[in-house]
Amino acid sequence: MTYEWVKVVHLLAVISWMAGLLYLPRLMVYHVDADKGGELSETLKTMERRLLKAIMTPAMIVSWVFGIWLGVLQGLWSELPFWFVCKLAMVAVMSAMHVWLAGQVRVFAADANIRSGKFFRVMNEVPTLLLIGIVCFVVVKPFV
Ligand code: HEM
């Protein structure tokens, strides 16, 4: 039963993390057009900070801890099948995107953003594409 319960927690954490990675860039799309120092900009700063600190970062940590644990239970860290290496590579990019977004939250908090709304719309697609790739590799396990 341990494996199933560890996977339950892994999937719940992954879903929460993904929700934040898909929503935060969207908030930044609207933040670009908000007047610096205005009520909307200050509200978006609070939303971005809370989403990152209260949901995304804890969910990312739990996703990693229970994902690593699943790998131990399945003996994947010694075997390192190709599908798992590909999944980990995409998860590493997803984690780098998380760290980059955390930096953007600080940039907006300092009213120092210089990027366009279009830029954040494009960046919003990155976690979507990674999500599709990760789920395909972990469920289908190609090249076994
Ligand atoms: C954060 C680092 C992560 C690690 C170390 C990790 C590791 C693992 C491992 C070892 C399994 C069990 C595979 C098996 O038993 O066949 C698993 C299952 C799964 N992971 Fe992750 N994972 C991580 C992140 C993610 C992310 C970001 C997603 C989705 C975006 C994801 C989606 C899944 C799914 C859907 C399963 C269940 C697959 C199944 O039951 O067929 N994981 N993960």
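The structure under discussion appears in the preceding block.
Asker: Help me understand helix H4 (residues 82–109) in this model?
Answerer: For an α-helix, the turn length of 3.6 residues means that residues three or four places apart are oriented alike. Counted at 1.5 Å a residue, the expected span for H4 with its 28 residues is 40 Å, and the 41 Å between its end C-alpha atoms agrees. Directly beyond the C-terminal end of H4, a positive phi value near 55° is found at aspartate 111.

Asker: Would you take a moment to explain the coordination of the iron atom of the ligand for this structure?
Answerer: Reference values for coordination geometry: four tetrahedral donors around a metal ideally subtend 109.5 degrees, six octahedral donors ideally subtend 90 or 180 degrees. Looking at the iron atom of the ligand, the protein donor atoms are His10 (NE2) and Lys87 (NZ), and they sit 1.8 to 2.1 Å from it. Metal-centred angles of 83 to 176° between the 6 donor atoms at the iron atom of the ligand mark the site as octahedral. With a gap of 77 residues between them, histidine 10 in helix H1 (residues 2–32) and lysine 87 in helix H4 connect regions that are remote in the sequence. Grouping residues by exposure puts histidine 10 and lysine 87 together as buried.

Asker: Would you mind going over a positive patch on the surface with me for this structure?
Answerer: Among the surface-exposed residues, Arg49, Arg50, Lys53 and Arg106 lie close enough to one another that they form a single positively charged patch. Top element by residues in the positive patch is helix H2 (residues 39–74). It accounts for 3 residues. Judged by relative accessible area, lysine 53 falls into the exposed class, the value being 59%.

Asker: Which parts of the structure should I look at to understand a nonpolar patch on the surface?
Answerer: A grouping of Ile68, Trp69, Val72, Leu73, Trp77, Leu80 and Val85 is seen on the molecular surface, where their side chains present a nonpolar patch of about 590 Å² in accessible area. Checked against the element boundaries, valine 72 lands in helix H2.

Asker: For this particular structure, what's the right way to read the packing of H1 against H2?
Answerer: When two helices pack together, their arrangement is given by the angle between the helix axes and the distance between those axes. Between H1 and H2, the least distance of the axes is 7 Å, while the angle of their chain directions is 150°. By the angle between their directions, the pair H1 and H2 is classed as roughly antiparallel. Like other packed secondary-structure pairs, H1 and H2 cross with a definite hand, here left-handed. Taken together, the residues of the contact of H1 with H2 break down into 25 nonpolar, 9 polar and 3 charged.

Asker: Hey, could you run me through the side chain of serine 41 in this one?
Answerer: Turning to its location among the elements, serine 41 is positioned in helix H2. Residue serine 41 is classed as buried on the basis of its relative accessible area of 2%. Setting aside residues no more than four positions away along its own chain, serine 41 makes contact with His31, Ala34, Asp35 and Asp111.

Asker: Just checking my understanding: could you explain unusual backbone geometry for this structure?
Answerer: Excluding glycine, a negative phi dihedral is what most residues carry, and trans is how most peptide bonds are arranged. Of note, leucine 80 is a non-glycine position whose phi angle comes to about 45°, a positive value. Structurally, leucine 80 is set in the loop between helix H3 (76–79) and H4. A positive phi is found at aspartate 111, a non-glycine position, where the angle reads about 55°. With respect to the element layout, aspartate 111 can be found in the loop between H4 and helix H5 (117–140).

Asker: Explanation requested: the side chain of glutamine 104 in the structure shown.
Answerer: Among the secondary structure elements, glutamine 104 is positioned in helix H4. A relative accessible area of 7% places glutamine 104 in the buried class. In contact with glutamine 104, other than residues within four places in its own chain, are Met28, Arg115 and Phe120.

Asker: Looking at this structure, how should I read H5?
Answerer: End to end, H5 covers 36 Å across 24 residues, agreeing with the expected 34 Å (1.5 Å per residue, within 8%). Of all the residues in H5, the buried ones are Gly117, Phe120, Met123, Asn124, Pro127, Leu130, Gly133 and Ile134. Turning to H5, the residues buried within the fold contact H1 and H4. Looking at the residues trailing H5, positive phi occurs at lysine 141, about 50°.

Cut-offs applied
Residues numbered from 1 in each chain as written. Predicted model: local features only at pLDDT ≥ 70, side-chain atom pairs only at ≥ 80, totals over all residues. Heavy atoms only, no water. Helix = DSSP H or I, 4+ residues; strand = E, 2+ residues; numbered from the N terminus. Expected span 1.5 Å × (residues − 1). Donors = N, O, S within 2.8 Å, 3.2 Å for Na, K, Ca; no water. Tetrahedral: all angles 85-135°; square planar, octahedral: opposite > 155°, others 65-115°. Buried < 20%, exposed > 50% of the residue type's maximum accessible area, 1.4 Å probe, protein only. Patch = residues over 30% accessible without salt bridge, like charges linked within 9 Å, V, L, I, M, F, W, Y side chains within 5 Å. Areas by Shrake-Rupley, 256 points an atom, 1.4 Å probe, with all protein chains shown as cover. Salt bridge = Lys/Arg side-chain N within 4 Å of Asp/Glu carboxyl O. Lys, Arg positive; Asp, Glu negative; His and termini not counted. Charge placed at Lys NZ, Arg CZ, Asp CG, Glu CD. Axes fitted to C-alpha atoms, helices over the stretch in contact; angles between N-to-C directions. Parallel < 35°, antiparallel > 145°, perpendicular 65-115°, else oblique. Left-handed = near helix turned anticlockwise from the far one by under 90°. Nonpolar A, V, L, I, M, F, W, Y, C, P; charged D, E, K, R; others polar. Contact = heavy atoms within 4.5 Å.

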